Amino acid sequence: MIYHRLEMGGIETLIVRLANILAAEGIEVQIFARPGALEANLAKNVIVTHFDQYNEIWRRHFKSCANATIISFDPLSYLIMRRLQLKVFLSTGDRIRGHGGIFHPRSLFWSGDPLPVRFTIKLAFKLSGDHEFFFMSNAVKLSSKKGLRIRSQLSNRVIKLPLSLDEKLSWSPKNYDLLNIISVGRLAPFKAYNKKAPEIISKLLNNGINSKWDIWGDGEDKTFIINEISKLGINTKVSLHGSLDYSKIKETLIKADLFVGMGTAALEAASLGIPTICCIDEVEDLCYGYLHEAPGDIIGEQSEGFEYKDLFECISKFQEQSSEDRMALGILCREAAMFKSSGTSYQDITKAPIWPQSILKEAVSLVISAPYIFAVDSRKLRIAFKALRRVFK
């Protein structure tokens with residue numbers, strides 16, 4: 001497996017769960033990544049190989065990849081995977097398997113990326129062939145197809161997120177003196193609901209609903225949220241706790257009355273039976289309602305033709321629910337989490353296509369991606385790259 005860093009995040013926790021599941025099945029698992037806090041949650045028999053620059057992977061460690069199946073988790077690690085496959089092929093003649101995972105609806109076309117980067121990723125995807133990718137959900141698959149302007153049907157498989165149920169932990173309604181809301185996830189622009197938390201708490205308090213909101217996570221929206229909390233004078237009612245130790249996520253979630261969020265964390269919360277409001281990618285004040293009301297396997301991706309609900313109204317109405325009604329909501333959310341994370345055998349992921357399929361296409365793809373990878377590995381160019389992202393936002 002290849003990813004840039006094992007810090008707390010949706011994709012990163014997915015890597016940990018997937019690695020542990022495969023390792024438990026007796027499959028040898030090796031992860032190439034920069035050091036991160038999530039390493040402590042990996043099984044002891046999972047091998048982690050650190051790197052500083054991406055070129056170290058194919059220069060120093062390519063021999064360990066012979067007869068392996070490589071899994072990448074974002075466009076950059078996918079391009080690294082292709083170069084690693086080329087190195088093995090040229091050095092040993094082995095044609096190893098590889099699969100690119102797409103876990104966000106805009107992974108292949110982030111609007112903040114400079115135009116040359118977006119062009120490189122899009123072209124590499126089309127040249128490689130859609131059979132070499134898999135998607136986290138049908139919603140992500142459809143969003144990617146639309147964003148890439150692909151008219152034909154994508155043949156890619158959908159491999160849903162794995163969840164590990166903890167039968168020892170089960171949520172139950174708390175007292176009604178205080179509505180305790182919790183969110184877990186990066187404070188990134190696409191998780192826009194975090195920016196609305198201070199305003200929603202202020203409105204709840206003004207309506208006579210004693211409430212507090214605990215936000216776990218870190219990111220670029222942190223300063224904005226802190227300023228909103230200060231402006232509204234609710235410093236004791238909205239708390240930013242920073243990153244949450246993944247080993248403590250379940251025991252932290254279980255203390256709340258209501259989870260508000262999206263993505264992997266929403267699945268984690270709902271799997272415990274916690275009533276879970278499913279927010280929407282890049283939308284601040286609207287939601288799907290509860291997780292079981294989000295259509296299909298959606299866990300926060302935008303959906304055309306769906307009538308969204310007001311986030312404040314959903315939270316406000318929750319406080320009116322009886323203990324029995326809250327328990328029933330939690331059960332429905334738990335069932336939805338199971339549905340949205342089941343249906344695929346994770347051993348299927350080892351049946352990735354063998355590289356190369358087309359020498360000409362692969363050669364062109366690798367040539368156009370080389371400058372991008374070099375830019376990421378170069379510290380000076382990384383600074384320029386970040387500056388370009390800010391300009392093109």
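The model shown is predicted, which means the values in this text are computed figures rather than measured ones. (Residues numbered from 1 in each chain as written. Predicted model: local features only at pLDDT ≥ 70, side-chain atom pairs only at ≥ 80, totals over all residues. Heavy atoms only, no water.)

S.K.: Mind showing me how you'd approach the overall build of the protein here?
M.R.: Per the secondary structure count, the protein includes 13 helices and 14 strands. Within the protein, buried positions represent 54% of all 393 residues. Taking all contacts inside the protein whose residues are at least 6 apart in sequence as the whole, residues at least 24 apart take part in 70%. Here the protein has roughly 17700 Å² of accessible surface; of this, 53% comes from carbon and sulfur atoms. (Helix = DSSP H or I, 4+ residues; strand = E, 2+ residues; numbered from the N terminus. Buried < 20%, exposed > 50% of the residue type's maximum accessible area, 1.4 Å probe, protein only. Contact = heavy atoms within 4.5 Å. Areas by Shrake-Rupley, 256 points an atom, 1.4 Å probe, with all protein chains shown as cover.)

S.K.: How should the nonpolar core be read in this particular structure?
M.R.: One recurring pattern in soluble globular proteins: nonpolar side chains tend to sit buried together. One finds M1, I31, F73, W213, V260 and I315 to be the most contacted residues of the largest nonpolar core, which totals 102 residues. Considering each element in turn, this core owes the most residues, eight residues, to helix α1 (residues 10–24). Residues in contact with I315, not counting those within four places in the same chain, are L179, I181, I200, L204, W213, L258, V260 and I277. (Core = buried A, V, L, I, M, F, W, Y, C linked by side-chain atoms within 4.5 Å.)

S.K.: Could you clarify how one ought to interpret the pairing of strand β5 (residues 97–102) in this entry?
M.R.: Counting buried positions over the six residues of β5 gives five, a clear majority of the element. At this point the chain moves from strand β4 (residues 69–72), through helix α3 (residues 75–92), to the parallel β5, and the crossover so formed is right-handed. Summarising the sheet, β5 and strand β6 (residues 133–135) pair through three bridges and their orientation is parallel. The residue of β6 that forms the bridge with G101 is F134. (Right-handed = clockwise from strand over helix to strand, strands pointing away. Pairing = 2+ DSSP bridges.)

S.K.: Sorry, what's going on with the pattern of salt bridges here?
M.R.: For side chains of opposite charge, pairing can occur when their charged atoms come near one another. Following the criterion strictly, the structure yields six salt bridges and no others. Between E268 and R17 there is a salt bridge, and its shortest N-O distance comes to 3.0 Å. Taken together, the positions of E268 in helix α9 (residues 263–271) and R17 in helix α1 put the pair 251 residues apart, joining distant regions of the chain. Here E268 and R17 have matching classes, each one buried. Two residues, K231 and E228, come together in a salt bridge whose shortest N-O distance is 3.0 Å. A residue pair is termed a helical-turn pair when its members lie 3 or 4 positions apart in one helix, as K231 and E228 do in helix α7 (residues 222–232) at three residues. (Salt bridge = Lys/Arg side-chain N within 4 Å of Asp/Glu carboxyl O.)

S.K.: Whenever I open this one, the packing of helix α6 (residues 193–206) against helix α10 (residues 311–318) confuses me. Can you help?
M.R.: In a packed pair of helices, the relevant descriptors are the angle between the two axes and the axis-to-axis distance. The interhelical angle for the contact between α6 and α10, taken along N-to-C directions, is 50°, at an axis separation of 10 Å. The orientation of α6 relative to α10 falls into the category oblique. For α6 against α10, the interelement crossing comes out right-handed. Together, Y193, I200, K203 and L204 of α6 and L311, F312, I315 and S316 of α10 make up the contact between the two elements. Grouping the constituent residues of the contact of α6 with α10 by class yields six nonpolar, one polar and one charged. (Axes fitted to C-alpha atoms, helices over the stretch in contact; angles between N-to-C directions. Parallel < 35°, antiparallel > 145°, perpendicular 65-115°, else oblique. Left-handed = near helix turned anticlockwise from the far one by under 90°. Nonpolar A, V, L, I, M, F, W, Y, C, P; charged D, E, K, R; others polar.)

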